[in-house]
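# Remarks on the overall topology
Chain residues, written in single-letter form:
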Amino acid sequence: MPLRSALERVRATDLLPAGGRVVVLLSGGRDSVCLLGMAVRLCAHVDAVHVNYGLRGDAADADEAHCAELCERLGVALTVERVSRPRGATGNLQAWARDVRYGVGARLAGERDALLAAGHTSTDQAETVLYRLASSPGRRALLGMPARSGRLVRPLLVLTREETAAWCVEQGLAWREDASNDSDAYARNRVRNGLVGALRAVDPRAEENVLRTAELLRDEAEVLDVVVDTALAGGCAIAVEHLGVLPRALARLVVRRLAEDATGRPCPRAPGRLGELLVLGDGALDLGDGARAEVRAGVLRMVPTPPLERGRPERGSR
């Protein structure tokens, strides 16, 4: 596809609206550089935010300097946030960095009444679907990243990673390479560097097929959401007797909806507890992921799992 069409495809998404205001998450890599360059071409007001985690020493400082030079060249105001991971923190490093990045960006976008733009491409979308399919059961693993969620927009989902690089070259926009992206220490990198290549060897259209499947499933998810709404009759609870006569697939979707509405977070383990819920009787059952099921007078509701009291042993799942 001709390079000149890349900007037009992004324009057609209307996620970088003319006359609108946008804050771009700018790492200095090819995709975020492409996003910033296109935002400057398409939007009336563009700001950028760069987060320096201090994890890569001089390389991190060089990324920050590159972002500053690029923004000065393009006439974009840049906000730099320097953060450090709390001492003794454990868990997924990339997840921590992502949460910090989106938190900083969301705060800035809210202050400026702007959209928050992230530079995810269709290549990232395919990798995300494959990663979630391997690590999380359920239909939602295959839905991928939405193009828009509240203020957050992903205008580059219509472009591949190769196309963002080509557009940057065409426009004379340099970017930085993060060596950690090649490290197999991170699960997503193993998907990118190993699994995607293996699938391409099976069929060169592998990524395209994954993306098309995700698109179809998102369309079908809208229908399923309506069916779940109907089963719940617009409420936030359901009679266990009613739940038991629903088709099993629909009953699992109802359980998941109730759990996620109660907790405000994904609850992939909740549907797998359907059988236990149907025989629970009046009582409570912790489902995992912060959700607790409570049955009173034969009616099932979900609430957040309460915090453990100090000095008391952890209760069992029932």
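Quick look at the structure, then. (Residues numbered from 1 in each chain as written. Predicted model: local features only at pLDDT ≥ 70, side-chain atom pairs only at ≥ 80, totals over all residues. Heavy atoms only, no water.)

## Quick notes on the sheet that holds strand E7 (residues 238-239)
With antiparallel pairing, the four strands of this open sheet are ordered in space as E7-E10-E9-E8. A single partner strand is all that each edge strand has here, and the edge strands are E7 and strand E8 (283-288). With two bridges joining them, E7 and strand E10 (residues 299-304) adopt antiparallel strand pairing. If you follow Ile238 over to E10, its bridge partner there is Leu300. (Pairing = 2+ DSSP bridges. Helix = DSSP H or I, 4+ residues; strand = E, 2+ residues; numbered from the N terminus.)

## Observations concerning the sheet that holds strand E1 (residues 21-25)
Strand order across the open sheet formed by six strands is E3-E2-E1-E4-E6-E5, with mixed pairing between neighbours. Of all strands in the sheet, those bounded by a partner on one side alone are strand E3 (77-82) and strand E5 (148-149). Where E1 lies against strand E2 (residues 45-52), five bridges are found, and the strand directions are parallel. The residue bridging Arg21 from the neighbouring strand is His45, located in E2. With respect to the sheet, helix H2 (residues 30-42) is in contact with E1, E2 and strand E4 (115-117), its orientation differing from that of E1 by roughly 165°. Here helix H4 (residues 93-111) sits on the sheet in contact with E1, E2, E3, E4 and strand E6 (152-153), set at roughly 150° to E2. (Contact = heavy atoms within 4.5 Å. Axes fitted to C-alpha atoms, helices over the stretch in contact; angles between N-to-C directions.)

## Here we look at the environment of Gly19
Its location among the elements puts Gly19 in the loop between helix H1 (4-13) and E1. Taking the relative accessible area as the measure of exposure, Gly19 reaches 59% and is therefore exposed. Sequence-wise, Gly19 and Leu42 are 23 residues apart; in three dimensions their C-alpha atoms are separated by 8.2 Å. Residues in contact with Gly19, not counting those within four places in the same chain, are Leu42, Ala44 and His45. (Buried < 20%, exposed > 50% of the residue type's maximum accessible area, 1.4 Å probe, protein only.)

## Description of H4
In an α-helix there are 3.6 residues to a turn, and that puts residues three or four apart on one side. The terminal C-alpha atoms of H4, which comprises 19 residues, lie 27 Å apart, in line with the 27 Å expected from a rise of 1.5 Å per residue. As for H4, its buried residues are in contact with E1, E2, E3, E4 and E6. Where H4 terminates, the next one or two residues include Asp113, which has phi positive at roughly 50°. (Expected span 1.5 Å × (residues − 1).)

## Here's the deal with the pairing of E2
Counting buried positions along E2 gives seven out of eight residues, so the element sits mostly inside the fold. Bridge count between E2 and E3: six bridges; the pairing is parallel. The residue bridging Val49 from the neighbouring strand is Thr79, located in E3. For the segment spanning E2, helix H3 (residues 58-74) and E3, crossover handedness is right-handed. (Right-handed = clockwise from strand over helix to strand, strands pointing away.)

## Here we look at the packing of H2 against H3
Each pair of packed helices gets described by two things: the angle between the helix axes and the distance between those axes. Between H2 and H3, whose axes approach to 11 Å, the crossing angle comes to 15°. Considered as vectors, H2 and H3 are oriented roughly parallel to each other. For H2 against H3, the interelement crossing comes out right-handed. Here H2 contributes Val33, Leu36, Gly37 and Val40 to the contact with H3, which in turn contributes Leu70, Cys71 and Leu74. By residue class, the composition of the contact of H2 with H3 is six nonpolar, one polar and no charged. (Parallel < 35°, antiparallel > 145°, perpendicular 65-115°, else oblique. Left-handed = near helix turned anticlockwise from the far one by under 90°. Nonpolar A, V, L, I, M, F, W, Y, C, P; charged D, E, K, R; others polar.)

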